[in-house]
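Fold and geometry: a report
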Amino acid sequence: MSLLRWSTPSFTGAARRLQCSVVNISRKVATLEATLAVRLLNRTTRKVTMTEAGQLFYQHCRVLVDGLQQAQQALQQLQQSPAGKLRVTAPVTYGERYIAPLLNRFMQQYPQLELDLVLTNQTLDLLEHNVDVAVRLGRLADSSLIARRLANRQVYVCGSPAYLNAHGTPLRLQDLSRHQCLLGSLDVWRFQEQGKLRTMRVHGRLRCNSGSALLDAARQGLGLVQLPDYYVKEALASGQLREVLADYRDASEGVWAVYSQNRQLAPKVAMLVDYLHSHLPHRVGDL
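None of these values were measured; they are calculated from a predicted model. (Residues numbered from 1 in each chain as written. Predicted model: local features only at pLDDT ≥ 70, side-chain atom pairs only at ≥ 80, totals over all residues. Heavy atoms only, no water.)

Within the protein chain, the secondary structure is distributed over 8 helices and 13 strands. Counting contacts in the protein chain only where the partners sit at least 6 residues apart, residues at least 24 apart contribute 69% of the total. Of the accessible surface of the protein chain, which amounts to about 16,900 Å², a share of 48% is contributed by carbon and sulfur atoms. (Helix = DSSP H or I, 4+ residues; strand = E, 2+ residues; numbered from the N terminus. Contact = heavy atoms within 4.5 Å. Areas by Shrake-Rupley, 256 points an atom, 1.4 Å probe, with all protein chains shown as cover.)

Right, let's get into helix 8 (residues 267–279). A rise of 1.5 Å per residue sets the reference length of helix 8, with its 13 residues, at 18 Å; its end C-alpha atoms lie 18 Å apart and thus fit the reference within 8%. Every buried residue of helix 8 is accounted for by P267, K268, V269, L272, V273, Y275 and L276. (Expected span 1.5 Å × (residues − 1). Buried < 20%, exposed > 50% of the residue type's maximum accessible area, 1.4 Å probe, protein only.)

Another point: the pattern of salt bridges. The full count for this structure, using the stated rule, is 12 salt bridges. R139 serves as the salt-bridge partner of D250, at 3.5 Å between the closest nitrogen and oxygen. Within this pair, whereas D250 is found in the loop between strand 12 (242–244) and strand 13 (253–259), its partner R139 is found in the loop between strand 5 (133–137) and strand 6 (146–153), the two being separated by 111 residues in sequence. R139 sits in the partly exposed class, given a relative accessible area of 48%. Residue E253 is joined to R153 by a salt bridge in which the shortest nitrogen-to-oxygen separation is 2.8 Å. (Salt bridge = Lys/Arg side-chain N within 4 Å of Asp/Glu carboxyl O.)

This part covers the side chain of E253. Here E253 is to be found in strand 13. Within the structure, E253 has its side chain in polar contact with the side chain of R139 (distance 3.0 Å). Only 2.8 Å separates the side chain of E253 from the side chain of R153, close enough to count as a polar contact. Not counting the four nearest positions on each side in its chain, E253 is found in contact with G138, R139, R149, A151, N152, R153, V155 and R190. (Polar contact = N/O pair within 3.5 Å; in protein donor to acceptor, adjacent residues only side chain to side chain.)

This part takes up helix 2 (residues 22–36). An ideal rise of 1.5 Å per residue puts 21 Å on 15 residues; helix 2 measures up with 21 Å between its terminal C-alpha atoms. Considering only its buried residues, helix 2 is in contact with helix 1 (11–18) and strand 1 (41–43).

Let us now look at the sheet that holds strand 12. On the basis of which strands lie adjacent, the open sheet formed by 4 strands has the order 8-11-7-12 and mixed pairing. Bordering the open sheet on either side are strand 8 (181–182) and strand 12, each of which pairs with just one other strand. Pairing analysis gives 4 bridges linking strand 7 (residues 155–159) to strand 11 (residues 224–228), with the strands arranged antiparallel. What sits directly across from V157, in strand 11, is Q226. (Pairing = 2+ DSSP bridges.)

Bringing the sheet that holds strand 6 into the picture now. Read from one edge to the other, the open sheet built from 5 strands follows the order 4-3-5-13-6, with strand pairing classed as mixed. In this open sheet, the two edge strands, each paired with only one partner strand, are strand 4 (113–119) and strand 6. Strand-to-strand twist in this sheet, taken as the mean axis angle between neighbours without regard to direction, amounts to 20°. Across the sheet, helix 4 (residues 92–109) is in contact with strand 3 (84–90), strand 4, strand 5 and strand 13; its angle to strand 4 comes to roughly 175°. Its contacts with the sheet put helix 8 on strand 3, strand 4, strand 5, strand 6 and strand 13, and the angle it makes with strand 6 is roughly 20°. (Axes fitted to C-alpha atoms, helices over the stretch in contact; angles between N-to-C directions.)

So, about the nonpolar core. Judged by nonpolar contacts, the single largest core of 40 residues is most densely connected at Y94, I99, V232, L272, L276 and L280. Element by element, the count of residues in this core is highest for helix 4, at 6 residues. With near-sequence residues (within four places) excluded, L280 lies in contact with Y94, Y98, I99, L102, L150 and A151. Ranked by size, the runner-up nonpolar core spans 15 residues in total, among them V157, L176, W189 and M200. (Core = buried A, V, L, I, M, F, W, Y, C linked by side-chain atoms within 4.5 Å.)

This brings us to the packing of helix 1 against helix 2. Interaxial distance between helix 1 and helix 2 falls to 8 Å at its minimum, and their mutual angle equals 110°. For the element pair helix 1 / helix 2, the angle class is roughly perpendicular. Of the residues in helix 2, those in contact with F11, T12, A14, A15 and L18 of helix 1 are V22, I25, S26 and V29. When its residues are assigned to classes, the contact of helix 1 with helix 2 shows 7 nonpolar, 2 polar and no charged. (Parallel < 35°, antiparallel > 145°, perpendicular 65-115°, else oblique. Nonpolar A, V, L, I, M, F, W, Y, C, P; charged D, E, K, R; others polar.)

Counting buried positions along strand 7 gives 5 out of 5 residues, so the element sits mostly inside the fold. Along strand 7, one buried face is formed by V155, V157 and G159 and the opposite face, lined by Y156 and C158, is buried too.

As a further point, take the confidence of the model for the protein chain. Looking at the protein chain as a whole, the pLDDT averages 87, with 90% of positions reaching at least 70. Of all the helices and strands in the protein chain, helix 3 (residues 52–80) carries the lowest mean pLDDT, 73, while strand 12 carries the highest, 98. Taken as a whole, residues 1–7 scores under 50 in pLDDT and shows 19 contacts with residues more than four places along the chain or in a different chain. (pLDDT = per-residue confidence, 0-100.)

On to unusual backbone geometry, then. One non-glycine residue, A37, lies in the positive phi region at around 60°. Of note, L245 is a non-glycine position whose phi angle comes to about 55°, a positive value. Classification of L245 as buried rests on a relative accessible area of 7%.

Right, here's the structure in full:
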């Protein structure tokens, strides 16, 4: 409808402004009138004027064009300053120590955001629970979700000096069969042997789904434990725990931001993932 904006509308002026031919303009108008089954323009050799129907159609189209421009501006503003609700989930301990503080700083930068942080060790279905971003640890199951590696974590096998003095230090993976192992949700521990993944089934008289509780049990000398670095780094540094089987330590695992394909273009999601990637330490030992 650009040809209607001049004080003396004409197909020639419209063609010049749109950088196309007069014939092309005429054909497009004729096609539109045929589709609507109504005459929109009165044409003479001197000028083009709108009919009553044309004026009505133009006013409605003008609203649509203005709305599109406003939508584009809103998206540009959103990219510069994200707004709206953001739902994030993360494992409890890692989330409390590392993710929540970063999210709090992110919220301070963008006051138009509303955050819903769900800390759980369950693997939530992102679509079912309307989650924008999930922070997940370790090896990921195959799925259609998009995953971006944010950082790394390392798993250690540790025991207290008192336990090791009483029961000996395991030197080979086979030695674990003679030790009390503090179990989490799984009774299989992972190692690297000659560059290949090796799993060992372990046993013990204490099982708990809390890493913090297992850490306390290890410090009190109840057995060996395999835990990620963010649980044991302080105890290792202070000497409360000692690493064992270091030659068989498993390769580092990923800390991932996971999100569905329909969320990847949302500016608030992209900006949050970039922020976490920039601010999470590459390894916990870097803190």
